[in-house]
Amino acid sequence: MSAQPAAQIWPDHVEVTLDDGQVAALRPLRAGESEPVLEVFAGMSELSRARRYLTGMPYLPDRVLQRLTEVGHRDHVAWLVTIDAEPVGIGRYAAYDRRTVDVALEVVDHWHGQGLGGILLDTVVTLAWANGFSAVAATVDPANHASVRLLRRVGLTLQVVDGVLEGQGTLHLPDPARVDRCALLGVVAEAQ
Ligand SMILES: CC(C)(COP(=O)(O)OP(=O)(O)OC[C@H]1O[C@@H](n2cnc3c(N)ncnc32)[C@H](O)[C@@H]1OP(=O)(O)O)[C@@H](O)C(=O)NCCC(=O)NCCS
């Protein structure tokens with residue numbers, strides 16, 4: 001009897017250890033899963049919300065929440081990051097055209113500056129690249145220095161257009177990697 005090669009079993013999330021030793025867990029947001037979206041939104045200040053949505057956003061209207069949770073297919077992918085099971089950030093891409101994705105990131109305010117934005121960005125561009133997209137686009141508030149810094153890592157050059165920064169460029173995966181890309185793709189394979 002010939003031995004069958006053991007099938008690789010991937011976990012349903014990917015862990016990343018932050019500089020301070022805390023462990024962040026990444027997993028795909030499921031279609032219709034609104035609770036973590038609302039929890040992350042609740043942890044963002046007025047300024048952070050305005051930077052994320054480029055308009056004042058005191059609460060998430062139902063139609064916006066619905067759009068944010070219509071995920072899980074090639075054209076719209078979102079991943080959640082949790083720390084101690086608490087939702088602390090979401091990264092997503094949405095197809096802009098057949099080769100280009102728009103990326104958007106959000107991290108609750110009390111976790112800013114700990115590397116989560118870079119981890120989420122690496123996650124979503126890796127998945128976009130794996131799904132065959134080759135260009136990236138974003139629109140950013142000119143005062144959003146953290147985003148500008150992050151987006152440069154993936155190939156974006158931003159220019160001021162009508163008071164906001166806009167850019168499009170060939171998608172580059174950040175170097176060095178901020179996440180185990182092989183493990184990310186393993187989670188995707190396991191979920192299918
Ligand atoms: C943008 C955002 C996602 C970044 O998340 P984060 O977890 O703070 O990001 P990181 O800790 O990975 O830091 C990203 C980079 O920005 C830099 N940075 C962070 N805050 C900064 C600031 N106030 N000014 C300048 N640079 C800053 C960091 O040093 C880091 O660069 P480096 O790795 O080269 O040192 C977060 O600030 C956020 O959610 N903002 C509100 C929503 C938003 O603006 N979304 C983006 C628009 S789609």
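Keep in mind the model is a prediction, meaning the values are calculated, not measured.

Asks: Just to check I follow, could you spell out the environment of Q168 for this structure?
Replies: Mapped onto the fold, Q168 is located in strand β8 (residues 164–170). The class for Q168 is partly exposed, based on a relative accessible area of 44%. Considering only alpha carbons, one finds Q168 and A135, 33 residues apart in sequence, at a separation of 7.0 Å.

Asks: Mind showing me how you'd approach the pattern of salt bridges here?
Replies: As a working rule, side chains carrying opposite charge can pair if their charged atoms are close by. Tallied over the entire structure, the rule returns 5 salt bridges. A salt bridge links R27 to E33; the nearest nitrogen and oxygen atoms lie 2.6 Å apart. Residue classification places E33 among the buried positions, given a relative accessible area of 14%. Notably, a salt bridge pairs R181 with D122, separated by 2.9 Å at the nearest N-O pair.

Asks: Can you walk me through the pairing of strand β1 (residues 14–17) in this structure?
Replies: Along any regular strand, the residues point their side chains to alternate faces of the sheet. Burial along β1 is one-sided: the residues V14 and V16 are buried and none of E15 and T17 is. Looking at chain direction, β1 and strand β2 (residues 23–28) are connected through 4 bridges and run antiparallel. When the bridges of β2 are listed, V16 appears paired with A24. Remark: 5 residues form the turn of the hairpin made by β1 and β2, two consecutive strands paired antiparallel; G21 in that turn has positive phi of roughly 95°.

Asks: What is the right way to read the sheet that holds strand β6 (residues 135–140) from this model?
Replies: What links the strands of a sheet is backbone hydrogen bonding, and the strands pair in either a parallel or an antiparallel sense. Ordered in space as β1-β2-β3-β4-β5-β6-β8-β7, the 8 strands form an open sheet in which the pairing is mixed. The sheet is open, and its two edges are formed by β1 and β7 (158–161), each paired on a single side. In this sheet, adjacent strand axes meet at a mean angle of 25° when their direction is disregarded. Two elements, β6 and β8, share 6 bridges in a ladder whose sense is antiparallel.

Asks: Please explain the nonpolar core as it appears in this structure.
Replies: L26, L60, V103 and L116 are the most contacted members of the largest nonpolar core, which totals 55 residues. With 8 residues, helix α4 (residues 116–130) is the largest single contributor of residues to this core. Aside from chain neighbours lying at most four places away, what touches L116 is L18, A24, V81, I83, V88, V107 and W111.

Asks: Help me understand helix α6 (residues 181–191), please; the structure alone is not making it clear to me.
Replies: Each turn of an α-helix holds 3.6 residues, which means side chains three or four residues apart point in the same direction. Along α6, the residues classified as buried are A183, L184, G186 and V187. The buried residues of α6 occupy one face: seen down the axis, they fall within an arc of 160°. Lining the buried residues of α6 we find β1, β2, β3 (76–83) and α4.

Asks: Can you help me understand the site of the ligand in this one?
Replies: Close contacts around the ligand come from 21 residues, with L105, G113, G115, N144 and R153 the closest. Contacts to the ligand include G117, whose backbone N or O atom sits 2.8 Å from an oxygen atom. One of the side-chain nitrogen or oxygen atoms of R149 is found 2.9 Å away from an oxygen atom of the ligand. Burial of the ligand by the surrounding chains reaches 72%, relative to a free accessible area of 940 Å². When contributions to the shell around the ligand are tallied by element, the ones reaching two or more residues are α2 (46–53), β5 (100–107), α4 and α5 (145–152). The leading source of residues in the shell around the ligand is α5, at 5 residues. Here the shell around the ligand is built from residues that sort into 6 nonpolar, 10 polar and 5 charged.

Quick notes on the rules
- Residues numbered from 1 in each chain as written.
- Predicted model: local features only at pLDDT ≥ 70, side-chain atom pairs only at ≥ 80, totals over all residues.
- Heavy atoms only, no water.
- Helix = DSSP H or I, 4+ residues; strand = E, 2+ residues; numbered from the N terminus.
- Buried < 20%, exposed > 50% of the residue type's maximum accessible area, 1.4 Å probe, protein only.
- Salt bridge = Lys/Arg side-chain N within 4 Å of Asp/Glu carboxyl O.
- Pairing = 2+ DSSP bridges.
- Axes fitted to C-alpha atoms, helices over the stretch in contact; angles between N-to-C directions.
- Core = buried A, V, L, I, M, F, W, Y, C linked by side-chain atoms within 4.5 Å.
- Contact = heavy atoms within 4.5 Å.
- Arc of directions from axis to C-beta.
- Near = heavy atom within 4 Å.
- Polar contact = N/O pair within 3.5 Å; in protein donor to acceptor, adjacent residues only side chain to side chain.
- Areas by Shrake-Rupley, 256 points an atom, 1.4 Å probe, with all protein chains shown as cover.
- Nonpolar A, V, L, I, M, F, W, Y, C, P; charged D, E, K, R; others polar.

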